[in-house]
Every structure is written in C-alpha cells, then in structure tokens.
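Residue-level structure breakdown
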Amino acid sequence: MTSRKKLQGLVAATITPMTPDGQINLPVIRQYVDYLVNKQTVKNVFVNGTTGEGLSLSIQERKQLAEEWVCQGKDKLDHVIIHVGALSLPESQELARHAAAIGAGGIAVIAPFFFKPTNKDELVSLLQKVTSEAPDVPFYYYHIPPLTGVKIRVEELLEGIKERIPTFQGVKFSDTDLLDLAQCIHKNEAQQLEFLYGVDEQLLGALAVGANGAVGSTYNYLGRQTNLMLEAFAKPDLALARKYQFLTGEFLNFVIKLVIFLRQWCPRRKTALILLSPALL
Ligand SMILES: CC(=O)N[C@H](C=O)[C@@H](O)[C@H](O)[C@H](O)CO
Ligand SMILES: CC(=O)C(=O)O
C-alpha cells in the first residue's frame, strides 16, 4: 500500500442523487463535490453506504456512482471511500475489484444482514474474501448493528484481524456502544488504526474516548458547524463543543418530525435534505 494521508475529521456519507424518473443523476456529483468542499469544509466522502442507499441500488449503478465520485473528487477531496458490502459475496468481491481498479481511497464492508455470520471467525473470513480482491486498498469494517442485526463486538472482531486482513485500516463505528469503541481504541493504540464514528448526534462522546473522525449523513449539511465542534473540542472548549453537538440533536429532532409528516408522499432522507438544504446554505 502506498503511503497515504491519514483519514481523520469529517466524512460525508453521500446521498445518491436521482432524476425524477428514478435514474442516478451523475452530472450533479461534480457540483456536490464543490458544495461539500466549499460550503461544508468537508473533504472526505463515503459513497454507497446507508445514506446513499447503496444496498438498494444495482451493481451497475453502484459502480457508476463510485467512478463518478472518484473522478470528480480527484484533485478536490482527500479520501473517497466506497462501500462495497452486499448480500452476495461474488457481488461484493466484484465491487471491491472495481473500487481498486478506479483508484478508490478505501473500501468499507458491512456484515451480511440476512443470513448473518454467527461468530467472529465467520465474519472475518467473509471480510477477508472481499478485501483480498482489493489487496492495495485500505479497508474499513462498517459496524452498524442497529441495521444489520450483527452484534459481534468490534473489540472482539479486531483481535488478530490484521494478520488475516493486511489492508485493515479501521472501523466505521455506527453504534451507540461507546464502551466497545473505547476498548477498541485503547487496545489498538499502537496500531495506527482509524476509528470513524457514525452516530452524528453523539460524536462528542466518541471524540472523548479517542475517535479519529466521523462518517455521517449530517455532514452533508452540518459539516461546517461540526468542524467548528471538532475545533472547539481540540482547544479544548467543551462548553462550545457541546453547543454544536446540541445543535445536531435539535436539528435531527426537527428532521425526524418533518419526515414523519412527509413520509406519505416522498422518499425519506432525500425529502428532508432537498427541503432543508436551501435554508442551510
Ligand atoms: C443509520 C444511519 O443512517 N446512520 C448514519 C451513519 O452511520 C448517521 O449519520 C445518521 O444518519 C445520523 O447519526 C442521524 O441519526
Ligand atoms: C451514515 C453512513 O455512514 C452511511 O451512510 O453509511
């Protein structure tokens, strides 16, 4: 693996732009990159994840999106991470090979959530089969038990993982169990891993136990404010950092109410984002 800039700070989990007739809208990704960098001060993206509805897209669509993000982000973004998890192992492997071929900065893989791995060894062996298809690309395990139902603790998963998966780089940790996160960080201090937190409304707690950064949907529109929170935390000015964290919470409460109201007639996340983003720019 060639030397790379450490992934830290904020990573926007990108939404997938669609045309009114349900096609992926590739041409707007160029503007999306500029918007993230210039308006949100966010220079990393996580593509085809939960926010991007990657698991509801076809393989072809996922590849096209990955290509466009890598291409448009080339001189503007620091890291483009592509989520390549899928229920089918060959599809996941194909996406991993593709991500490597287009020069993605990293890949992430979710645990299969229908026929689930029942123990750590099963999960690592599956991750190994996917990541070995991209032997030069840093790999992040995408831990999101509320959605996958796979509750294997990351602390346990990490024991010996680097021997089996040399590209292992870190975890996108989307769970509220900060004890598990803290133990992972504590036990792996010597290893230069990257722990990216994924529950935006409690990022401050994760920073306190040593998270390196965060991947999330809200960094699409609260990226600038959250970067100010990171700065306040680094100072440290915890009172100010808390103010920004509370802002995320309040904003999400508002969005959740709005989404419940609008759910009857529009797809969830996009509705909220489309309606709210002009007010936030
Ligand atoms: C389940 C889900 O989509 N989680 C996102 C990323 O992990 C978060 O960014 C949340 O959207 C955010 O924390 C709001 O709950
Ligand atoms: C939020 C997140 O990280 C995802 O969309 O996958």
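Description of the structure in this document. Just so it is clear, the model here is predicted, and its values are computed rather than measured.

1. A short note on the packing of helix α3 (residues 89–102) against helix α4 (residues 120–131)
- Between α3 and α4, the shortest axis-to-axis distance is 8 Å and the interhelical angle comes to 45°. Viewed along their axes, α3 and α4 adopt a mutual orientation that is oblique. Along the contact surface, α3 presents Leu89, Ser92, Gln93 and Ala96, while α4 presents Leu126, Lys129 and Val130.

2. A word on the site of ligand 2
- Close to ligand 2 lie Ala13, Phe46, Gly49, Thr50, Thr51, Tyr142, Lys172, Val215, Gly216 and Ser217.
- A distance of 2.6 Å separates an oxygen atom of ligand 2 from a polar atom in the backbone of threonine 51.
- Contact distances for ligand 2 include 2.6 Å between an oxygen atom and a side-chain N or O atom of tyrosine 142.
- Out of a free accessible area of 210 Å², ligand 2 has 93% covered by protein chains.
- The class makeup of the residues in the shell around ligand 2 is 4 nonpolar, 5 polar and 1 charged.

3. Remarks on unusual backbone geometry
- Here the residue pair lysine 235 and proline 236 is connected by a cis peptide bond, since its omega of 0° sits within 30 degrees of zero.
- Of note, proline 236 is situated in the loop between α10 (223–234) and α11 (238–262).
- Of note in the backbone geometry, asparagine 48 takes a positive phi value of approximately 70° without being a glycine.
- Along the polypeptide, asparagine 48 turns up in the loop between β2 (44–47) and α2 (59–73).
- Taking relative accessible area as the criterion, asparagine 48 reaches 2% and is therefore assigned buried.
- Phi is positive for glutamate 53, which is not a glycine, with a value near 55°.
- Within the element layout of this structure, glutamate 53 appears in the loop between β2 and α2.

4. Here's the deal with the packing of aromatic side chains
- Under the definition given, this model contains 6 aromatic pairs.
- When the ring of phenylalanine 46 is compared with that of tyrosine 142, the centres are 5.4 Å apart and the planes differ by 90°; the resulting orientation is edge-to-face. Here phenylalanine 46, found in strand β2, pairs with tyrosine 142, found in strand β5 (residues 139–143); they are 96 residues apart in sequence, far enough to count as distant.
- Since its relative accessible area comes to 3%, phenylalanine 46 is described here as buried.
- For tyrosine 142, a relative accessible area of 3% puts it in the buried group.
- With centroids separated by 5.1 Å and ring planes inclined at 45°, the aromatic side chains of tyrosine 221 and phenylalanine 251 adopt a geometry described as tilted. One end of the pair, tyrosine 221, is in the loop between β8 (213–216) and α10; the other, phenylalanine 251, is in helix α11, and 30 residues separate them in sequence. Across this residue pair, the class does not change: tyrosine 221 and phenylalanine 251 are buried.
- Here the basic side chain of lysine 172 rests over the ring of phenylalanine 46, its NZ or CZ set 5.6 Å away from the ring centre.

5. Section: the site of ligand 1
- Around ligand 1, a shell composed of 12 residues is seen, among which Lys172, Ser174, Asp200, Glu201 and Ser217 lie nearest.
- With respect to ligand 1, the backbone of aspartate 200 contributes an N or O atom lying 3.0 Å from an oxygen atom.
- In this structure, an oxygen atom belonging to ligand 1 sits 2.7 Å away from a side-chain N or O atom of serine 217.
- Here ligand 1 has 390 Å² of accessible area as a free molecule, and 80% of this is covered by the chains.
- A breakdown of the residues in the shell around ligand 1 according to their chemical character gives 3 nonpolar, 5 polar and 4 charged.

Rules and cut-offs
Residues numbered from 1 in each chain as written. Chains lettered and ligands numbered in written order. Predicted model: local features only at pLDDT ≥ 70, side-chain atom pairs only at ≥ 80, totals over all residues. Heavy atoms only, no water. Axes fitted to C-alpha atoms, helices over the stretch in contact; angles between N-to-C directions. Helix = DSSP H or I, 4+ residues; strand = E, 2+ residues; numbered from the N terminus. Parallel < 35°, antiparallel > 145°, perpendicular 65-115°, else oblique. Contact = heavy atoms within 4.5 Å. Near = heavy atom within 4 Å. Polar contact = N/O pair within 3.5 Å; in protein donor to acceptor, adjacent residues only side chain to side chain. Areas by Shrake-Rupley, 256 points an atom, 1.4 Å probe, with all protein chains shown as cover. Nonpolar A, V, L, I, M, F, W, Y, C, P; charged D, E, K, R; others polar. Buried < 20%, exposed > 50% of the residue type's maximum accessible area, 1.4 Å probe, protein only. Phe/Tyr/Trp six-rings, centres within 6.5 Å; stacked < 30°, edge-to-face > 60°. Lys NZ or Arg CZ within 6 Å of the ring centre and 35° of its normal.

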